[in-house]
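Observations on chain architecture
Next come the chains, spelled out residue by residue.
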Amino acid sequence: MTSRIPSVALPAVLEQLQALRKVVQPRALRAMALARARWLFRSVQLRGHNVAAYGPMAVQNDGIIALGDRLTFVGGMMPSSLVCHPGARLTIGDDTQFNYGVSLEAWESVSVGARCMFASFVRLGDRDGQRTAPIVIEDDVWVAHGAIIMPGVRVGARSVVAAGSIVTQDVPPDTLAMGNPARNMSLELVARETGT
Amino acid sequence: MTTPHRSLSRELEGLWARWRLRRCQRIGAAPTVLGRVWIHGDGQVQLGDRVVLDGRLAPIELHAMAADSLIVLGDDVAVEGGASLEALQSIRVGPGARLGAFCKVMDNQHHPLRGNRHERPPSVPLVIEAGVTVGSRAILLPGTQLQKGCSVAPGTVISRRIPAGVTVGGAPARVLRREVAG
Amino acid sequence: MSIRDRIRTFIVDTFFVDEFGDDDSFLRKGLIDSTGMMELVAFLEQEFGMKLEDKELVPENLDSLSRVTAFVERKQQQRLSQAG
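First, a word on scope: everything that follows refers to the structure included in this document. (Residues numbered from 1 in each chain as written. Chains lettered and ligands numbered in written order. Predicted model: local features only at pLDDT ≥ 70, side-chain atom pairs only at ≥ 80, totals over all residues. Heavy atoms only, no water.)

**So, the overall build of chain C**
The criterion, for reference: Only DSSP runs of H or I covering at least 4 residues are called helices, and only runs of E covering at least 2 are called strands; the numbering of each starts at the N terminus. This radius of gyration counts C-alpha atoms alone. The globule rule is 2.2 Å times how many residues there are, raised to the power 0.38. Buried, partly exposed and exposed residues are distinguished by accessible area as a fraction of the type maximum, computed with a 1.4 Å probe on protein chains only: under 20%, between the cut-offs, and over 50%, respectively. We call two residues contacting when some pair of their heavy atoms lies within 4.5 Å. Shrake-Rupley sampling with a 1.4 Å probe provides the accessible areas, and residues are treated as covered by the protein chains on show and by no other component. Charged-residue counts in this description rest on Lys and Arg as positive and Asp and Glu as negative, His and the chain ends being excluded. Note on charges: their place is set at NZ of Lys, CZ of Arg, CG of Asp or CD of Glu.
Secondary structure summary: chain C contains 4 helices and 0 strands in total. Moving toward the C terminus, one meets the helices and strands of chain C in the order α-α-α-α. Its C-alpha radius of gyration of 12 Å places chain C within 12% of the 12 Å reference for a compact globule of 84 residues. Its C-alpha atoms give chain C principal-axis dimensions of roughly 40 × 30 × 20 Å. Evaluated residue by residue, chain C yields a buried proportion of 49% over its 84 residues. Pairs at least 24 residues apart make up 56% of the contacts formed inside chain C by residues separated by at least 6 positions. Entry remark: accessible area of chain C is about 4400 Å², with carbon and sulfur atoms responsible for 46%. Within chain C, the 17 negative side-chain charges are centred at a point lying 5 Å from the centre of the 11 positive side-chain charges.

Printed below as a string of structure tokens:
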């Protein structure tokens, strides 16, 4: 007995749908992230191209915020927050990536260079109750999970701030800052030229 | 009088918890799921008996990133809100262990310290043995092995083996107290 | 116990590595990672009562057992000559 329903290879169809989903989903997410970023950063004075926010964020801008091109704010369990108080300046360079739960707060000046990476729960604030001093993060810096950068700190280019560190003094270029309070050691000591 | 009613509600709670954990490959008896629990990734997540996932404070994230990555929570493990386990290779949590709020457990650093930041360094399997207590906001980096019954103070950063029964704290981790022998 | 033995005992006890020679690079042999290096620095400061400057945390001073030993001896001599 033959079935009257035309035989369709159901697994094959599902597989095709899966493949289609794999192609379409990231693009849809990307488009949504770009639109969300346009909305979230509507009060930002200088906004680069292709700024994407993949999750909810808290943005409060009473000063001047300047965002570079191709920034990425990843969404996650906690929203990231960008706060710029009156008269303050918050600058972020091109191609910088932020994971979820990052908090940037500027009372005077916070400046982040290009191609930096900020992991989840990183905190940067240029006022700590006693003093207010500008924070400068140079290019290609990687700040790992849960690190806190205190006011008046300058982190040099290509440096790494290790997970859970509290940085209280300047970090020279090509240096690993680690611990509480953070100490600087040469990256030569802990990493070869390529890879880890 | 109330017994059938109670047992029915317990049954329903159990079914609800199982539905919440449907992306796990193995679920033990009597799981408890509160608040938000996110189970992501293509890998395997295996839960033992009587696991408690309390995501009321913030979501709990169990992320087995690659197809061959593995997260195992043993019997009676309790995880508090905001804890995030990210496995590229394997994370094993032994029976009776407790993971505090907002602790981060990762078996891969995801970026090399120098050179091309976009290539992944190799993973090191991460082991948390039986009866370990991990404080809130602790960070367990690749290479961590917490041996039986040791405890980790809040905010500690660890990337090495911690012997059994020892209390460690600080960043980087220092031994705060050794258990008295016997 | 000599300086070398004290440092070696610390490394063996803390990092559970046993088979390494005096001139083996900690980094290249994967004996100590960056967090461990920080712990080694903290140990040196506590055990030998000295203060390491950030600019001294370089491979020439700390990358093998013999280098660490030589570095500690040099630091101690410096302090003696300053005191005397």
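**Here's the deal with the interface of chain A and chain B**
Test applied: Joining two parts hides part of their accessible area as seen by a 1.4 Å probe, and the buried area is that hidden amount summed over both. What counts as a salt bridge is simple: a side-chain nitrogen of Lys or Arg found within 4 Å of a carboxyl oxygen of Asp or Glu. Counting of polar contacts relies on pairs of N or O atoms within 3.5 Å, with two restrictions inside protein: one atom must be capable of donating a hydrogen and the other of accepting it, and residues adjacent in sequence are counted only when both atoms are side-chain atoms.
Contact residues are listed per partner, giving 28 residues for chain A and 24 residues for chain B. For the pair chain A and chain B, the summed buried surface comes to about 2100 Å²; carbon and sulfur atoms form 66% of the total. Connecting chain A to chain B are 1 salt bridge. Among the salt bridges present, the one from Arg114 of chain B reaches Glu188 of chain A, with a minimum N-O distance of 3.4 Å. At the surface where chain A touches chain B, the tally comes to 4 residue pairs in polar contact (both at pLDDT 80 or more).

**So, the side chain of Asp63 of chain C**
Mapped onto the secondary structure, Asp63 of chain C falls in the loop between helix 3 (59–62) and helix 4 (65–83). At 4.5 Å, Arg67 of chain C is the nearest oppositely charged side chain to Asp63 of chain C, a buried residue that forms no salt bridge. A distance of 2.6 Å separates a polar atom in the side chain of Asp63 of chain C from a polar atom in the side chain of Ser25 of chain C. Ignoring any residue separated from it by four or fewer positions in sequence, one finds Asp63 of chain C in contact with Leu189 of chain A together with Asp24, Ser25, Phe26 and Leu27 of chain C.

**Observations regarding the sheet that holds strand 1 (residues 46–47) of chain A**
Residues and elements named next belong to chain A. Basically, it comes down to this: At least two DSSP bridges between two strands are needed for those strands to be called paired.
Across the sheet, 6 strands lie side by side as 1-4-7-10-13-16; this open sheet has parallel pairing. Each end of this open sheet is capped by a strand with a single partner; those strands are strand 1 and strand 16 (154–155). Pairing of strand 13 (residues 135–137) with strand 16 involves 2 bridges; the strand directions are parallel. Across the sheet, Val136 pairs through a bridge with Arg154, a residue of strand 16.

**What about the interface of chain C and chain B?**
To be explicit about the condition: Charged residues are taken to be Asp, Glu, Lys and Arg, nonpolar residues to be Ala, Val, Leu, Ile, Met, Phe, Trp, Tyr, Cys and Pro, and polar residues to be all remaining types, Gly included.
Contacts between the two partners involve 7 residues from chain C, matched on the other side by 8 residues from chain B. Per-residue buried area on chain C facing chain B is highest for Phe16, Thr35 and Glu39 of chain C; these three make up 64% of the total on that side. Taken together, the connections running from chain C to chain B amount to 1 salt bridge. Taking the shortest distance from any N to any O, the salt bridge between Arg160 of chain B and Glu39 of chain C comes out at 2.7 Å. Counting every contact that joins chain C to chain B gives 4 residue pairs in polar contact (both at pLDDT 80 or more). Taken together, the elements giving at least two residues each to the side of chain C that touches chain B come down to helix 1 (3–15) and helix 2 (34–48) of chain C. The element best represented in the side of chain C that touches chain B is helix 2 of chain C, accounting for 3 residues. Across the side of chain C that touches chain B, the residue classes break down as 3 nonpolar, 2 polar and 2 charged.

By themselves these figures say nothing about function.
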